[in-house]
Amino acid sequence: MMAPARRRTARADQVFVTLMLAPSLLILAAFYLYPMASNVWFSLTDLSLMKLRQGGAYIGLANYADALGGADFWRVVWNTAFWLTAVSVVVRLVLGMALALLLNSAALLRLRLRTLMRLALLVPWATPPIVAVAVWRWLLHPQAGGINRALLWLGLTRHPIAFLADTATVWPAIVLIMVWNTVPVATLTLLAALQSVPRELSEAAALDGAGSVRIFRHVTLPHIMPTIMILAMLMTFWTFNNFVYVWLATGAGPGRYTDVLATEVYLRGFVDFNLGSSAAIGVIMAVAMGTFGLLYVRVLGRRVAS
Amino acid sequence: MRLARALLAGVVAALIVWGSAARATDLTLRFNDPEVKQLRAALDVFEQQNPGIHVKLEQMPWADVMPQTLRETAVGTGPDVMHIAFVWTKDLAAAGALLPLDKYIAADGGSSDYIAMDLATGRDGHAYAVPWTVDCWTMVYRTDLLTQAGVTAIPRTWEELRAASLKVHQVTGKIGFGFPAGSGATNTMWFIANYYWWNHGKALVVSKPGGGFGLGLDQSDIAGAIRYFADYLKQGDSPKSMLAINNWGDPAIIEAMASGEQAIAIMPPANFRQIVAAWRARNPNAGDPPLLSAVMPTELPTSVVNFGGRSLGINANTQHPDAAWKLVQFLKSKPIFTDYYTSQFPARKSMLSTLNFAPGMQGYAQQLQNARSWGPYSDGPVPINTMWNATGRAFGSAFIGELSVDQASEQLLSVIRKGLQ
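The structure presented is a predicted model; accordingly, all values stated were derived computationally and were not measured.

**Brief notes about the overall build of chain B**
Scanning chain B for helices and strands turns up 18 helices and 14 strands. Computed over its C-alpha atoms, the radius of gyration of chain B comes to 24 Å, within 12% of the 22 Å expected for a compact globule of 421 residues. Once the C-alpha set of chain B is aligned to its principal axes, its extents read approximately 95 × 60 × 40 Å. Looking at chain B residue by residue over its 421 residues, the buried ones come to 57%. Contacts in chain B between residues far apart in sequence, at least 24 positions, make up 74% of those at least 6 positions apart. A total accessible area of about 17,100 Å² is found for chain B, and carbon and sulfur atoms account for 55% of it. Computed over 34 positive and 34 negative side-chain charges, the separation of the two mean positions in chain B equals 4 Å.

**A word on the domain arrangement of chain B**
Residue and element names in this part refer to chain B. Domain annotation of chain B identifies domain 1 (25-134 + 308-347) and domain 2 (138-306 + 370-420). Distance between the C-alpha centres of domain 1 and domain 2: 29 Å. For the pair domain 1 and domain 2, the summed buried surface comes to about 960 Å²; carbon and sulfur atoms form 51% of the total. The interface formed by domain 1 and domain 2 includes 1 salt bridge. In this structure, the salt-bridge partner of Lys-90 is Asp-379, at a minimum N-O distance of 3.2 Å.

**A word on helix H11 (residues 269-282) of chain B**
Residues and elements named next belong to chain B. With 14 residues, H11 ought to run about 20 Å at 1.5 Å a step, and its terminal C-alpha atoms sit 20 Å apart, in line with that. Inspection of H11 places Pro-269, Asn-271, Phe-272, Ile-275, Val-276 and Trp-279 among the buried residues, and these make up the whole buried set. What you see down the axis of H11 is that its buried residues fit within an arc of 165 degrees, all on one side.

**Let's talk about the interface of chain A and chain B**
Facing the 29 residues of chain A at the interface are 34 residues of chain B. Roughly 2,500 Å² of surface becomes buried between chain A and chain B when both sides are summed, with 57% attributable to carbon and sulfur atoms. Linking chain A with chain B are 2 salt bridges. Close ionic contact of Lys-418 of chain B with Asp-66 of chain A constitutes a salt bridge, the shortest N to O distance being 3.4 Å.

**So, the sheet that holds strand S3 (residues 81-85) of chain B**
Residue and element names in this part refer to chain B. As summarised here, the arrangement of the 6 strands in space is S2-S1-S3-S12-S4-S13, forming an open sheet in which the pairing is mixed. Strands with a single pairing partner mark the edges of an open sheet, and in this sheet they are strand S2 (53-58) and strand S13 (345-346). Note: S3 against strand S12 (residues 308-314), 5 bridges, orientation antiparallel. Within S12, the position partnered with Ala-85 by the bridge is Arg-310. Helix H2 (residues 36-49) contacts strand S1 (25-30), S2 and strand S4 (129-135) of the sheet and is inclined by roughly 170 degrees relative to S2.

**What to know about unusual backbone geometry**
The residue after Gly-253 of chain A, namely Pro-254 of chain A, is reached through a cis peptide bond having omega -5 degrees. Residue Ala-252 of chain A is not a glycine yet carries a positive backbone phi of 75 degrees. Look at Ala-252 of chain A and you get buried, because its relative accessible area is 1%. One non-glycine residue, Ala-116 of chain B, adopts positive backbone phi at about 65 degrees.

**Observations concerning the side chain of Gln-367 of chain B**
Summarising the element assignment, Gln-367 of chain B is placed in helix H15 (residues 362-369). In contact with Gln-367 of chain B, not counting residues within four places along its chain, are Cys-136, Trp-137, Thr-138, Val-295, Met-296, Ser-303, Val-304 and Val-305 of chain B.

**Some points on the packing of aromatic side chains**
Residues and elements named next belong to chain B. Taken as a whole and judged by the stated rule, the model has 49 aromatic pairs over all chains. Summarising the aromatic geometry, the rings of Trp-198 and Tyr-377 are spaced 5.8 Å apart at their centres and angled 75 degrees between planes, so their arrangement reads as edge-to-face. Of this pair, Trp-198 sits in helix H8 (residues 188-198) while Tyr-377 sits in helix H16 (residues 376-379), and the two are 179 residues apart along the sequence. Overall, the relative accessible area of 1% leaves Tyr-377 in the buried class. Each ring, one from Tyr-228 and one from Tyr-232, has its centre 5.3 Å from the other, and the planes form 75 degrees; the classification is edge-to-face. Remark: Tyr-232 and Tyr-228 occur in helix H9 (residues 219-235); sequence separation between them is 4 residues, near one turn of the helix. Grouping residues by exposure puts Tyr-228 and Tyr-232 together as buried. Across the ring face of Tyr-104, the terminal group of Lys-103 is positioned such that the distance to the ring centre comes to 5.0 Å. Positioned above the aromatic ring of Trp-62 is the side chain of Arg-310, whose terminal nitrogen or guanidinium carbon lies 4.1 Å from the ring centre.

**Observations regarding the sheet that holds strand S9 (residues 262-267) of chain B**
All names here are of chain B. In space, the 4 strands of this open sheet follow the order S6-S9-S5-S10, with mixed pairing throughout. Strands at the two margins of the open sheet, each flanked by one partner only, are strand S6 (175-177) and strand S10 (291-294). Shown here is a sheet whose adjacent strand axes are inclined to one another by a mean of 25 degrees, direction ignored. Taken together, the 4 bridges between strand S5 (residues 138-142) and S10 define a ladder with antiparallel strand orientation. Looking at the pairing, Arg-142 lines up with Leu-291 of S10.

**A closer look at the nonpolar core**
Phe-179, Trp-197 and Phe-229 of chain B are the most contacted members of the largest nonpolar core, which totals 152 residues. The leading source of residues in this core is H8 of chain B, at 9 residues. Sequence-distant contacts of Phe-229 of chain B, defined by excluding residues within four places in its chain, comprise Trp-158, Phe-177, Phe-179, Met-189, Ile-192, Tyr-196, Phe-395 and Phe-399 of chain B. The next biggest cluster of nonpolar side chains, apart from the first, holds 22 residues, and it includes Val-89, Leu-103, Leu-190 and Ile-228 of chain A.

**Some points on empty space enclosed by the protein**
Under the defined criterion, the tally for this structure stands at 2 cavities of 30 Å³ or more. Quantified by volume, the largest cavity comes out at close to 40 Å³. As for the largest cavity, its lining consists of Leu-49, Met-50, Lys-51, Leu-52 and Arg-53 of chain A together with Leu-70, Thr-73, Ala-74 and Ala-95 of chain B. By residue class, the composition of the lining of the largest cavity is 6 nonpolar, 1 polar and 2 charged. Put simply, the second largest cavity is a space of about 30 Å³. Lining of the second largest cavity is provided by Asp-72, Arg-75 and Arg-256 of chain A together with Ser-397, Glu-402, Leu-403 and Gln-411 of chain B. Here the lining of the second largest cavity is composed, by residue class, of 1 nonpolar, 2 polar and 4 charged.

**Observations concerning the confidence of the model for chain B**
Across chain B, the average pLDDT comes to 92, with 94% of residues at 70 or higher. For this predicted complex, the interface confidence reaches an ipTM of 0.83, while the overall pTM sits at 0.86.

Thresholds applied
Residues numbered from 1 in each chain as written. Chains lettered and ligands numbered in written order. Predicted model: local features only at pLDDT ≥ 70, side-chain atom pairs only at ≥ 80, totals over all residues. Heavy atoms only, no water. Helix = DSSP H or I, 4+ residues; strand = E, 2+ residues; numbered from the N terminus. Rg over C-alpha atoms; globule rule 2.2 N^0.38 Å. Buried < 20%, exposed > 50% of the residue type's maximum accessible area, 1.4 Å probe, protein only. Contact = heavy atoms within 4.5 Å. Areas by Shrake-Rupley, 256 points an atom, 1.4 Å probe, with all protein chains shown as cover. Lys, Arg positive; Asp, Glu negative; His and termini not counted. Charge placed at Lys NZ, Arg CZ, Asp CG, Glu CD. Domains from an automatic or database assignment. Buried area = accessible area lost by both parts, 1.4 Å probe. Salt bridge = Lys/Arg side-chain N within 4 Å of Asp/Glu carboxyl O. Expected span 1.5 Å × (residues − 1). Arc of directions from axis to C-beta. Pairing = 2+ DSSP bridges. Axes fitted to C-alpha atoms, helices over the stretch in contact; angles between N-to-C directions. Phe/Tyr/Trp six-rings, centres within 6.5 Å; stacked < 30°, edge-to-face > 60°. Lys NZ or Arg CZ within 6 Å of the ring centre and 35° of its normal. Core = buried A, V, L, I, M, F, W, Y, C linked by side-chain atoms within 4.5 Å. 1 Å grid on protein atoms, 1.4 Å probe; cavity = no way out; pocket = protein on both sides within 12 Å on 5 of 7 lines; lining within 4 Å. Points joined across faces, edges and corners; volume = space filled by probe spheres on them. Nonpolar A, V, L, I, M, F, W, Y, C, P; charged D, E, K, R; others polar. pLDDT = per-residue confidence, 0-100.

Quick look at the structure:
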């Protein structure tokens, strides 16, 4: 049994803790829970941008039925999950790792290029996405773009390629823009992880006769795997919900070829003025990412435990 | 005593300053065209003529104006005077964004002098905007390339246009009719497709005889238009790179027309002027440019396009409706179009009739006489944005082979059908 004095102290502690947490909880409720709850409510109404003042009428799950039953919905999901997210995350991780290994290499240090390379790597990252897309749109322009001019000059193509309008090239072009702009995040994170690998481990493995590939596979990679896993998860979240790159590069076109869930939210909300339907897509995205995060953290937890 | 007097004088001076500041009226004008510098110069004159009224000029990309205005309306904010597209007035009025202007217009001589006043009138019959500028699209030709290709007459029908474009490409190797075939969130194909349908005597949305609105096209009409334009891309007289062009005034088109790499284009007058200016910059000592505007091809006795144009509206939430109207009156006066905003035609019959169109611009003068308003399109229940987005996507999907022509036509029809329900 707890003594009355201790019980009083515990209660006072509890009140103190609650008081200290209250501002944060209020901020969370005001800026996260309330908008989320509002969005869920909007998704159950026929709210239109044209009638924001009047509000929308409750229509049950009609917006969800409309979204999930739409002929294009699963293609949009595929675009989001495969092209926008899976491909671009994998490319950034692989390229980021390659660049991190290069930056961490003794050869670069010997050539006194390490600082220069790190600075060069920061340039794309410091470029705002809107500027990055504008620059790449210009580079990829069929008539005036530098890339097409170079290809024509080298004789590699006879006609200019409409990179952002041709089905064969549009997704790789979008992925290229995203990778260029955001690969430094992966590189610098992985570089920090690589620098935390104890040098003695690699030296011991080398003394035992392991080559650089085997050292990387059996010593370095296991050591930085938790970083890779967390990085992959964060990049997946950032990319899955990303609107900027696709919208600015192609406007979800040509046709609806590069339409993703985020652009669909915009199109339904601000082109068709159907905010209820737009909110429903937003909720579906949140549920998808929530489920992914939960599964990922469980798998990650199991791996770390093992 | 001296200190007290000085303090009193200070207080009186502060009150005068505060009082005059409080009397000052601050207006915001949202203007979305590139001529910001010119308009600012005009507003400086307005401020001189109206001491106490200050006008802040803000700019926004056209694509963002409509949703932004609707968001502002919901929370009671927004600029006092708005520069809006003709076709938005009814929707903005229905959303409560615009102030009824009937009493102002009546006191100002009525509405009979305005072009396209029906588009400035809300569904409730009240006037919610003042038509400000007017234009229309026409075809634009490089006459030297047509001659070189052996095309002796300006095409009058869509089939003649098709033949001329192909001939230019086959004979000269240049681009024939290069139209902006991009479909990413723009309304380029929307205009072009409608001109094709209207000049075949049809329309996407029509008024029903018994009231209400219905579809004026069937699947074969839409498929016919898609096939017609897709053929240009297929045959190569409009290069596939046009699929990446989302704007009729894209530098790629302006440059190609000015340099003689392209023979035929479609655009409003502001872009035609850009081509002429670019040609003159290249050929400073040459005479008249080999450029000509001409009416849209048609299968009807007269060629039809829409009145393009912009209106001025006053925010329903403004605190200064009278001052805002004063600004509108100033903006629609003649000196604005002769001295400042010279790239646009005034949307007033009395002023338009006094304009002298340059020889190459005669197509615009002729086409304006037969322009029509969007009518059932803007009166009907389907938002214009939804229609242009669906039309552009359908054409784009078919152009790139993402959907068959029939599937794309059906998709467009289903969107419009759903909206009409």
